[in-house]
Amino acid sequence: AQTVTQSQPEMSVQEAETVTLSCTYDTSESDYYLFWYKQPPSRQMILVIRQEAYKQQNATENRFSVNFQKAAKSFSLKISDSQLGDAAMYFCAYTPGTASKLTFGTGTRLQVTL
Amino acid sequence: EPEVTQTPSHQVTQMGQEVILRCVPISNHLYFYWYRQILGQKVEFLVSFYNNEISEKSEIFDDQFSVERPDGSNFTLKIRSTKLEDSAMYFCASSYSGTSRHNEQFFGPGTRLTVL
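Residues numbered from 1 in each chain as written. Chains lettered and ligands numbered in written order. Predicted model: local features only at pLDDT ≥ 70, side-chain atom pairs only at ≥ 80, totals over all residues. Heavy atoms only, no water.

With that settled, consider the environment of Gln6 of chain A. Residue and element names in this part refer to chain A. In this structure, Gln6 sits in the loop between β1 (3-5) and β2 (10-14). What makes Gln6 buried here is its relative accessible area of 6%. Separated by 16 residues in sequence, Gln6 and Ser22 place their C-alpha atoms 6.0 Å apart. Sequence-distant contacts of Gln6, that is, excluding residues within four places in its chain, are made with Ser22, Cys23, Trp36, Tyr90, Phe91, Cys92, Gly105, Thr106, Gly107 and Thr108. There is a polar contact of 3.1 Å between the side chain of Gln6 and the backbone nitrogen of Gly107. (Helix = DSSP H or I, 4+ residues; strand = E, 2+ residues; numbered from the N terminus. Buried < 20%, exposed > 50% of the residue type's maximum accessible area, 1.4 Å probe, protein only. Contact = heavy atoms within 4.5 Å. Polar contact = N/O pair within 3.5 Å; in protein donor to acceptor, adjacent residues only side chain to side chain.)

Written out as structure tokens, the structure reads:
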């Protein structure tokens, strides 16, 4: 069974600084997709970034980028120039290429301080 | 920008009552999902639905749960006899594809279900 682990329950970053959220996963599949979702206090789930396992290049979306290490089964999220609006729960999620359900990690609560 | 919508935003019910949670997926999406999140816990998969039938379900999705796409736009989750432990946020999601690069799942804002 696939599992997703987020070992940092809480993180804190100062505004304008950079923070990295960790995620590891376990799978026997060779083709799969990884995602980071943001959940603000409204509890809406917002897709932040995705990574296809067959791509060696790390995905980037504006201030958000990932460090995808396939051999190590690691998928960390880097947030640059942190803003107050980045404060939220961040969930790492996995889905195999041949199935559809998302398996989520337990989340990391990110605080952004002035 | 198209979005997934869910109604109601908050549902309060008595234990043993039936509830129906409603979702309108993005119009050209083909795959539909329900997830739940008990307060303070991670998001858990319940069921996926494609081509008018369940494609996958979790062990949580027992006989008390059912899903339906009664028309071309709505996607519903029914809980026949609610239990206290069904209290959670229920998220609907949809995706255009299940296996291609267009498999991002877009989530609705959720329905908070409170069982008393």
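So, about the sheet that holds strand β7 (residues 65-68) of chain B. All names here are of chain B. Spatially, β1-β3-β8-β7 is the arrangement adopted by the four strands of the open sheet, whose pairing is antiparallel. Both edges of this open sheet fall to β1 (5-7) and β7, since each of them pairs with a single strand only. Each adjacent strand pair in this sheet contributes to an overall mean axis angle of 20°, direction not counted. Of the pairings in the sheet, the one linking strand β3 (residues 19-24) to strand β8 (residues 75-79) comprises five bridges and is antiparallel in character. The residue of β8 that forms the bridge with Val19 is Ile79. (Pairing = 2+ DSSP bridges. Axes fitted to C-alpha atoms, helices over the stretch in contact; angles between N-to-C directions.)

On to the side chain of Thr103 of chain A. Residues and elements named next belong to chain A. Relative to the assigned elements, Thr103 resides in strand β11 (residues 103-104). Its relative accessible area of 16% is what places Thr103 among the buried residues. Excluding residues within four positions of it along the chain, Thr103 makes contact with Gln2, Val4, Cys92, Ala93 and Tyr94.

A full pass over the atoms with the stated rule returns two disulfides over all chains. Disulfide pairing places Cys23 of chain A opposite Cys92 of chain A at an S-S distance of 2.0 Å. An S-S torsion of about -70° defines the bridge between Cys23 of chain A and Cys92 of chain A as left-handed. Taken as a pair, Cys23 of chain A in the loop between β3 (19-21) and β4 (24-26) and Cys92 of chain A in strand β10 (residues 88-96) lie far apart in primary sequence, 69 residues in all. Assigned by exposure class, Cys23 of chain A and Cys92 of chain A land together as buried. The disulfide bridge from Cys23 of chain B ends at Cys92 of chain B, spanning 1.9 Å between sulfur atoms. (Disulfide = S-S within 2.5 Å.)

Below, the discussion takes up the pairing of β8 of chain B. Residues and elements named next belong to chain B. Burial runs high along β8: four of the five residues are buried. Relative to β8, β7 runs antiparallel, the two sharing four bridges. Each bridged residue has a counterpart across the sheet, and for Glu68 the counterpart in β8 is Thr76.

A separate point is the layout of surface pockets. One number sums up the size of the largest pocket: a volume of about 320 Å³. Around the largest pocket, the lining comprises 16 residues; the ones closest to its centre are Lys101 and Thr103 of chain A together with Glu44, Phe45 and Glu59 of chain B. Among the secondary structure elements, those contributing two or more residues to the lining of the largest pocket are β1 and β11 of chain A together with β5 (44-50) of chain B. Classifying every residue of the lining of the largest pocket gives seven nonpolar, four polar and five charged. (1 Å grid on protein atoms, 1.4 Å probe; cavity = no way out; pocket = protein on both sides within 12 Å on 5 of 7 lines; lining within 4 Å. Points joined across faces, edges and corners; volume = space filled by probe spheres on them. Nonpolar A, V, L, I, M, F, W, Y, C, P; charged D, E, K, R; others polar.)

With 25 residues, the main nonpolar core has Tyr25, Trp36, Phe75, Leu77 and Tyr90 of chain A as its most contacted residues. Elements represented by at least two residues in this core include exactly β3, β5 (32-39), β6 (46-52), β8 (64-69), β9 (74-79), β10 and β12 (108-113) of chain A. Considering every element that reaches this core, the biggest residue donor is β10 of chain A, with four residues. Ignoring anything within four residues of it in the chain, the contact list for Tyr25 of chain A reads Thr3, Val4, Tyr32, Leu34, Phe68, Gln69, Lys70, Lys73, Ser74, Phe75 and Tyr94 of chain A. Grouped together as the second largest cluster of nonpolar side chains are 22 residues, Val4, Phe32, Tyr90 and Leu113 of chain B included. (Core = buried A, V, L, I, M, F, W, Y, C linked by side-chain atoms within 4.5 Å.)

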